[in-house]
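Observations on the three-dimensional arrangement
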Amino acid sequence: MASKRDRSHILVPAESWRAREDYTPHGRGGPSKKPGAPPSGRESHGQALQLAIESARTLATQRRSVAAVEIPGAIPGMYLEFESFPGWDLALQSMEKRRAKDARRHVELVAVTHADHADEGTAAVRTQRATVFVPDGEVGHFLEQLEKYADTTPKNHGERRHEDVYDRIAHVRLAALRGLWTDAPEVFPASNDDTLWWEVWLRRTDGKEVERLQAYCGQVGATLSPRRIEFDDRIVTLLFASANTLAASLDVMGDIAELQRAKETATFFVKEKPGEQAEWTKDLAARTTPAGPDAPAVCLLDTGVNAGHPLLEGSLAAEDRHACDPSWGVDDDGGGPGMEGHGTEMAGLALFGDLVDVLASDAPVVLRHRLESVKILPRVGSNAPELYGAITAEATSRPEVQAPSRRRVFSTAVTTDGRDRGQPSSWSAAVDALSAGRSFDPQDNGLKYIDGHEDAFRRLFVVSTGNIEDLHLQRDHLSRSDVEPVHDPAQAWNALTVGAFTEKVVIRDPEWIGWSPVARTGDLSPWSTTSVVFQPAWPIKPEVVFEGGNVVSDEKERIRTHCDDLRLLTTYYKPADKTLVPTWATSAATAQAARFCAILSAHHPDLWPEALRALVVHSADWTEAMRAHFDQAGGRTARAQLLRRYGYGVPDLDRALWSASNAVTLIVQDSIRPFLDGKMREIHFHDLPWPAETLAALGGATVRVRVTLSYFVEPNPGRRGWKTKHRYQSHGLRFEVKGPTESLDEFRKRRNQSALDEEESRPDSGADNDGWYLGPRARDRGSIHSDVLSGSAAEIAERGTIAVFPVTGWWKELAKRDRSELGARYALVVSIETDDVEADLWTPVASRVGVEVAT
């Protein structure tokens, strides 16, 4: 355990302790897997595919000729849907053909989906489907390739016959509306005549895409939302129509790329409880000192906040209350039935934490952060589906205009549902874009996606995982949480996503005799959703958990949610009626996490949002109840699944703020240029100010090193297979630590092929896998990676060099949009800790860096 935490963390200047080198990764080797010729043979198969494409072209022409709609400026064409043989992916890269002068005439991959098929008694086999827009006059791209594919004469040297493309394709057909549907299959409208709000993703080509869609809506009687959000190559908006009405657009215009169902926000129910609480509130207000106007703020994106509450009025100025739509007002009355007061509840937690503990104390409360509020939900009765990515972007801009120099943490506990299962949405992509420093310009009633610049303003978002619905709560709550995916936008890569755990297990109220808490102390709250069902490539969510309360059950396994002994206490939105109200679930956990981040920001004013997020995760640990599950896990694969349930555990504020003599934390903030001209560009070697002599003197004592790497990616959200240029993330970063027996030069050459001399082979000095608790396969997901390395002090003494290097992303594949030259920021947090309370690891590190050491 650590001795008293009373030492500052040590900020290590990157330029003094980091070497930058040109980088070429070592090849992985091994042949690529290919499907081989189809059973019918390539000649027959190629002719069948040619015939199918010709038939699709004829049908598309016929449908267009009878259509009663004509859109000025639209490029006629057709949408083809390709389906793979079971068990194989399509060669998506080869399905496109770009034209330099007119993007409207691109042969463009627009949507990729999967389907699982299983005969009775057999395992499911996945097929992949890809929808491609083919403008008139461009179908020859496929027909000419298929003619070569079907050729049975001997191949000439270097001749391409595209076998790896068409060996994978089982069928091709004219796409229906479902061919552009990238949402969950079960939410596609049951009837083609049902009208609903669609989330429409448009190909971004000539700047007139929305104008053409507006013209179409005007001719067919559909309604187009005034809000939209623009990404680099996609524009997202909402449209109200039936499937039949929307389907006709595919025959007359080629602007639509993909379709999803518009999302509505979840309902959070708050039970009112009468009681006299004014004296408690008055006492706490009297011993509270608010932070000054320049202090960091938690900016709540919620239902508004009623600032007249005596515990909030000193920390929330009138000018810091906003609404996305001025007609909504700024008071807390938004979100629909059951949501009234939600924003004010979150405000109390974001400022004080759980009021149970604060009210029970008589100690002074000196606040170091303030509040801001942006109302993102309209009043009752106006709660139609919204494009929440655009709402969030607009909400973000309002406090930044009002107080541009204030440091802030954005917090939202407003979520929708979990049907994305980790796949990015327009909302989560907007959160990622805003986090990475992009800005949105509300000109012409739309929201323009504007390129950032070298000093782009990064933002830290704290987002709730979302709750399991009351009806789905059960006594075996862990099994339920493991199949309930986090709700949109909690899958955002750059957000700090917060789940709920609980230590509330003591029931004193006699009303609840015969009822027991469902979750045991220290375990996941029954409300919390997880990322256990995500595909492995998607981020670990939540990253951390905070107190979210508990529920009760009886011997008949009935569940009740309103036992106040197992809930938190916060501020009520109608203080004239009462001042305090119980609250619970992942919303409550998220507000507390935002408070944690704001306190960190006040304590560490020079740290970037990437570093604040890193410190929160770095300070987290699993409770005894959580660790018991990890101890029973059979290896790293099972640990990886538990990581998707609990994240990295419960953050410790003392650990996040302070080091100790035997537990020193180093923080590096740096920027790397990942790519150049479609190739890897550079690698960083941080030869840290390591307490090597002190560690060596400890000999065989156990030492723990924790490494956390945090960075923000730029999103590429269209659902087009998530590979090569269609990857979601602009770039990825990874870390690796020098082995205990290899020299620095061997480490460099093992990690970087460019460091090898001519004809020199890669050193066989071992990989950095031994001793890590999670290992790279589990930790290297998303855009924050954290792991603990345990070993003897003598071994750890030799491991003071850490490499940070890029892995691929769409920046690498799309050189014209590559922003590597501006640098990709990252934060590297490293702690060294021993249980020997007499050991002093902090002083030798501080001395080498130049930090003043008290004597």
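No experiment lies behind these values; they were computed from the predicted model shown.

Quick word on the overall build of the protein chain
Of the regular secondary structure elements, the protein chain holds 24 helices and 37 strands. Counting every position in the protein chain, which comprises 855 residues, the buried fraction comes to 60%. At a minimum sequence separation of 6, the contacts of the protein chain that also span at least 24 residues come to 81%. Accessible surface, the protein chain as shown: approximately 33800 Å² in total, 47% of it carbon and sulfur. Charge separation in the protein chain, taken as the distance between the mean sites of 102 positive and 125 negative side-chain charges, equals 3 Å.

Some words on the pairing of strand β37 (residues 824-834)
For β37, a buried count of 11 out of 11 residues is recorded, marking the element as mostly surrounded by other parts of the structure. Summarising the sheet, strand β29 (residues 663-672) and β37 pair through 10 bridges and their orientation is antiparallel. Residue Ile 672 lies in a different strand from β37, and its bridge partner there is Ala 824.

Considering the pattern of salt bridges
Under the criterion given, the structure shown has 70 salt bridges. Residue Arg 458 pairs with Glu 610 through a salt bridge whose shortest N-O separation is 3.9 Å. Of this pair, Arg 458 sits in the loop between β19 (448-450) and β20 (460-464) while Glu 610 sits in helix α15 (residues 609-618); the two residues are 152 residues apart in sequence, bridging distant segments of the chain. Each of the two residues, Arg 458 as well as Glu 610, counts as buried. Across the pair Glu 742 and Arg 750 runs a salt bridge, and its minimum N-O distance is 2.6 Å.

Quick word on empty space enclosed by the protein
Enumeration according to the criterion identifies 7 cavities of 30 Å³ or more in this entry. Around the second largest cavity, the lining residues are Glu 199, Gln 260, Arg 261, Lys 263, Glu 386, Tyr 388, Thr 416, Ser 425, Ser 426, Trp 427 and Asp 488. Elements supplying a minimum of two residues to the lining of the second largest cavity: β11 (256-261) and α12 (426-435). For the lining of the second largest cavity, a count of residues per class yields 2 nonpolar, 4 polar and 5 charged.

Remarks on the sheet that holds strand β8 (residues 195-203)
Reading across from one edge, β9-β10-β8-β11 is the order of the 4 strands in this open sheet, with antiparallel pairing throughout. Strands with a single pairing partner mark the edges of an open sheet, and in this sheet they are β9 (223-230) and β11. On average, adjacent strands in this sheet sit at an angle of 25 degrees to one another, irrespective of strand direction. Pairing between β8 and β11: 5 bridges, direction antiparallel. Bridge pairing links Trp 201 to Glu 258 in β11.

Some words on the state of the cysteines
Per the counting criterion, the structure on display carries 0 disulfides. Cysteine Cys 299 is unpaired, with the sulfur of Cys 324 as its nearest cysteine sulfur at 9.8 Å. Counting only cysteine sulfurs, Cys 299 is the nearest neighbor of Cys 597, a cysteine outside any disulfide, at a range of 14 Å. For Cys 597, a relative accessible area of 0% puts it in the buried group.

Things to note about helix α24 (residues 842-849)
When α24 is considered as a whole, its buried residues turn out to be Trp 842, Val 845, Ala 846 and Val 849. Here the buried residues of α24 occupy an arc of 95 degrees about the axis, which is enough to place them on one side. Taken from the residues just after α24, Gly 850 is the one with a positive phi, measuring 100 degrees.

Considerations on the sheet that holds strand β6 (residues 125-135)
Across the sheet, 4 strands lie side by side as β5-β6-β4-β7; this open sheet has antiparallel pairing. In this open sheet, the two edge strands, each paired with only one partner strand, are β5 (108-117) and β7 (169-174). On average, adjacent strands in this sheet sit at an angle of 20 degrees to one another, irrespective of strand direction. With 7 bridges connecting them, strand β4 (residues 77-84) and β6 associate as antiparallel partners. In the strand pairing of β6, Met 78 is matched with Val 134. Docked against the sheet, helix α2 (residues 42-66) engages β4 and β7, running at close to 15 degrees with respect to β7.

Quick word on unusual backbone geometry
In the segment running from Asp 488 into Pro 489, the intervening peptide bond is cis, with an omega of 10 degrees. In this structure, Pro 489 sits in the loop between α13 (477-483) and β21 (496-501). Lys 541 connects to Pro 542 through a cis peptide bond whose omega is 0 degrees. Mapping Pro 542 onto the fold places it in the loop between β22 (516-517) and β23 (544-547). Of note, Arg 421 is a non-glycine position whose phi angle comes to about 50 degrees, a positive value.

Notes on the packing of helix α11 (residues 388-402) against α12
Following both chains from N to C, one finds α11 and α12 inclined at 25 degrees, their axes separated by 7 Å at the closest point. With respect to each other, α11 and α12 are oriented roughly parallel. Between α11 and α12, the contacting residues are Tyr 388, Gly 389, Thr 392, Ala 393 and Thr 396 on the first element and Ser 426, Trp 427, Ala 430, Val 431 and Leu 434 on the second. The class makeup of the residues in the contact of α11 with α12 is 6 nonpolar, 4 polar and no charged.

What about the packing of aromatic side chains?
Under the criterion given, the structure shown has 23 aromatic pairs. With a centroid separation of 5.7 Å and 90 degrees between ring planes, the pair formed by Trp 181 and Trp 198 is classed as edge-to-face. Of this pair, Trp 181 sits in the loop between β7 and β8 while Trp 198 sits in strand β8; the two residues are 17 residues apart in sequence, bridging distant segments of the chain. Among the residues examined, Trp 181 registers a relative accessible area of 4% and is labelled buried. Overall, Trp 198 belongs to the buried group, its relative accessible area being 0%. Each ring, one from Tyr 572 and one from Tyr 573, has its centre 5.1 Å from the other, and the planes form 75 degrees; the classification is edge-to-face. Side by side, Tyr 572 and Tyr 573 carry an identical accessibility label, which is buried. A connected cluster of aromatic rings, assembled from ring pairs, spans Trp 622, Phe 630, Tyr 646 and Tyr 773. Here Arg 751 stacks its cationic end above the ring of Phe 805, 4.0 Å away from the centre of that ring. Over the ring of Trp 608 we find Arg 825; its NZ or CZ atom is 4.1 Å from the centre of that ring.

Description of the nonpolar core
The biggest cluster of nonpolar side chains holds 89 residues, and the ones touching the most others in it are Ile 376, Leu 695, Val 707, Leu 828 and Ile 832. Beyond its immediate chain neighbours, meaning those up to four positions away, Val 707 contacts His 618, Phe 735, Val 737, Trp 772, His 785, Ser 786, Asp 787, Ile 802, Leu 828, Val 829 and Val 830. Val 358, Tyr 646, Tyr 648 and Ala 827 belong to the second-largest nonpolar core, a separate cluster that totals 71 residues.

A closer look at the side chain of Asp 482
Topologically, Asp 482 is positioned in helix α13. At 2.7 Å, the side chain of Asp 482 and the side chain of Arg 645 are in polar contact. For Asp 482, the residues in contact, after removing those within four places along its chain, are Thr 530, Val 532, Val 533 and Arg 645.

A few points about helix α20 (residues 744-751)
Where α20 is concerned, the buried positions are Phe 747, Lys 749, Arg 750 and Arg 751. Where α20 is buried, its residues meet β32 (682-687), β34 (732-737) and β36 (801-807).

Some words on the confidence of the model for the protein chain
When the pLDDT values of the protein chain are averaged, the result is 90; 93% of them are 70 or greater. Long-range and interchain partners of residues 266-275, a stretch whose pLDDT sits below 50, account for 33 contacts in this model, where long-range means more than four residues apart.

Topic: the environment of Gln 753
Relative to the elements of secondary structure, Gln 753 occurs in the loop between α20 and α21 (776-779). Judged by its relative accessible area of 37%, Gln 753 falls in the partly exposed class. Through-space distance from the C-alpha of Gln 753 to that of Pro 35 is 31 Å; in sequence the pair is 718 residues apart. Contact partners of Gln 753, with chain neighbours within four places excluded, come to Thr 24, Pro 25, His 26 and Gly 27.

A short note on the environment of Tyr 711
With respect to the secondary-structure elements, Tyr 711 resides in strand β33 (residues 702-711). The class for Tyr 711 is buried, based on a relative accessible area of 1%. In sequence terms Tyr 711 and Ser 783 are 72 residues apart; their C-alpha atoms lie 5.7 Å from each other. Filtering out sequence-adjacent residues up to four positions away, Tyr 711 remains in contact with Asn 494, Glu 610, Arg 613, His 731, Gly 732, Leu 733, Arg 734, Gly 782, Ser 783, His 785, Arg 825 and Tyr 826. In terms of polar contacts, Tyr 711 uses its side chain to reach the backbone carbonyl oxygen of Gly 782, at 3.3 Å.

Calculation notes
Residues numbered from 1 in each chain as written. Predicted model: local features only at pLDDT ≥ 70, side-chain atom pairs only at ≥ 80, totals over all residues. Heavy atoms only, no water. Helix = DSSP H or I, 4+ residues; strand = E, 2+ residues; numbered from the N terminus. Buried < 20%, exposed > 50% of the residue type's maximum accessible area, 1.4 Å probe, protein only. Contact = heavy atoms within 4.5 Å. Areas by Shrake-Rupley, 256 points an atom, 1.4 Å probe, with all protein chains shown as cover. Lys, Arg positive; Asp, Glu negative; His and termini not counted. Charge placed at Lys NZ, Arg CZ, Asp CG, Glu CD. Pairing = 2+ DSSP bridges. Salt bridge = Lys/Arg side-chain N within 4 Å of Asp/Glu carboxyl O. 1 Å grid on protein atoms, 1.4 Å probe; cavity = no way out; pocket = protein on both sides within 12 Å on 5 of 7 lines; lining within 4 Å. Points joined across faces, edges and corners; volume = space filled by probe spheres on them. Nonpolar A, V, L, I, M, F, W, Y, C, P; charged D, E, K, R; others polar. Axes fitted to C-alpha atoms, helices over the stretch in contact; angles between N-to-C directions. Disulfide = S-S within 2.5 Å. Arc of directions from axis to C-beta. Parallel < 35°, antiparallel > 145°, perpendicular 65-115°, else oblique. Phe/Tyr/Trp six-rings, centres within 6.5 Å; stacked < 30°, edge-to-face > 60°. Lys NZ or Arg CZ within 6 Å of the ring centre and 35° of its normal. Core = buried A, V, L, I, M, F, W, Y, C linked by side-chain atoms within 4.5 Å. Polar contact = N/O pair within 3.5 Å; in protein donor to acceptor, adjacent residues only side chain to side chain. pLDDT = per-residue confidence, 0-100.

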